[in-house]
Amino acid sequence: MVNYPVSTLPLSGFRETPADYGDSEQEFQVPYSQSAPTRTKGARKFSISHELLTESEVASLRSFWASYAAAGSFQFVHPRTGSTITCVAKGAPSIVRSEVAAWNASFSFEEQL
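Residues numbered from 1 in each chain as written. Predicted model: local features only at pLDDT ≥ 70, side-chain atom pairs only at ≥ 80, totals over all residues. Heavy atoms only, no water.

(A) Spotlight on the pairing of strand β6 (residues 74-77). Note that strand β1 (residues 2-3) and β6 share two bridges and pair parallel. Along β6, the bridge assignment pairs Asn-3 with Gln-75. Examined bridge by bridge, β6 and strand β7 (residues 84-89) share four bridges and lie antiparallel to one another. Bridging from a neighbouring strand, Gln-75 pairs with Thr-86 of β7. (Pairing = 2+ DSSP bridges. Helix = DSSP H or I, 4+ residues; strand = E, 2+ residues; numbered from the N terminus.)

Next up, the structure:
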């Protein structure tokens, strides 16, 4: 299993969106309706950003992405809880050159159920 290199990259932003369980609503005769979750477990969504990366840190992120493409999922250590989560990407990492001769990167992914 591939590991996200969060321990080797400077973390500048992290966002976690709680799981969406979805609702299924069933209509009955007026005025009654019933609502229930469609799933018992929802996938948490994450967005992470790194600023002022060096060339070697960008190379590490690109190496991770190449390994992930072959594996299909990766392990991520949650920065708040320290727990390891299996995740899937929601698109390729965005890597852009900053004005101070460094690189910025952002990446979105979600928990694999």
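Moving on from the model shown.
(B) The arrangement of the packing of aromatic side chains in detail. For the structure on display, the rule yields 19 aromatic pairs. Aromatic pair Trp-65 and Tyr-68: ring centres 5.1 Å apart, planes at 35°, arrangement tilted. Linking Trp-65 with Tyr-68, this pair stays in helix α1 (residues 55-71), spanning three residues, or about one helical turn. Arg-62 extends its terminal NZ or CZ atom over the ring of Trp-103, reaching a point 6.0 Å from the ring centre. (Phe/Tyr/Trp six-rings, centres within 6.5 Å; stacked < 30°, edge-to-face > 60°. Lys NZ or Arg CZ within 6 Å of the ring centre and 35° of its normal.)

(C) Structural detail: the pairing of strand β5 (residues 45-53). Pairing between strand β2 (residues 13-17) and β5: five bridges, direction antiparallel. By the bridge assignment, Glu-16 is partnered in β5 with Phe-46. For β5 and strand β9 (residues 103-111), the ladder comprises seven bridges, and the chain directions are antiparallel. Note on β9: the bridge partner recorded for Ser-49 is Ser-106.

(D) Looking closely at the pattern of salt bridges. Applying the stated criterion to the full structure yields six salt bridges. Between Arg-80 and Glu-16 there is a salt bridge, with the nearest N and O atoms lying 3.4 Å from each other. Residue Arg-80 is found in the loop between β6 and β7, and its partner Glu-16 is found in strand β2; the two are separated by 64 residues along the sequence. Between Lys-45 and Glu-110 there is a salt bridge; the shortest N-O distance is 3.7 Å. Remark: Glu-110 occurs in strand β9 and Lys-45 occurs in strand β5; sequence separation between them is 65 residues. Each of Glu-16, Arg-44, Arg-80 and Glu-111 takes part in a single network of salt bridges with overlapping partners. (Salt bridge = Lys/Arg side-chain N within 4 Å of Asp/Glu carboxyl O.)

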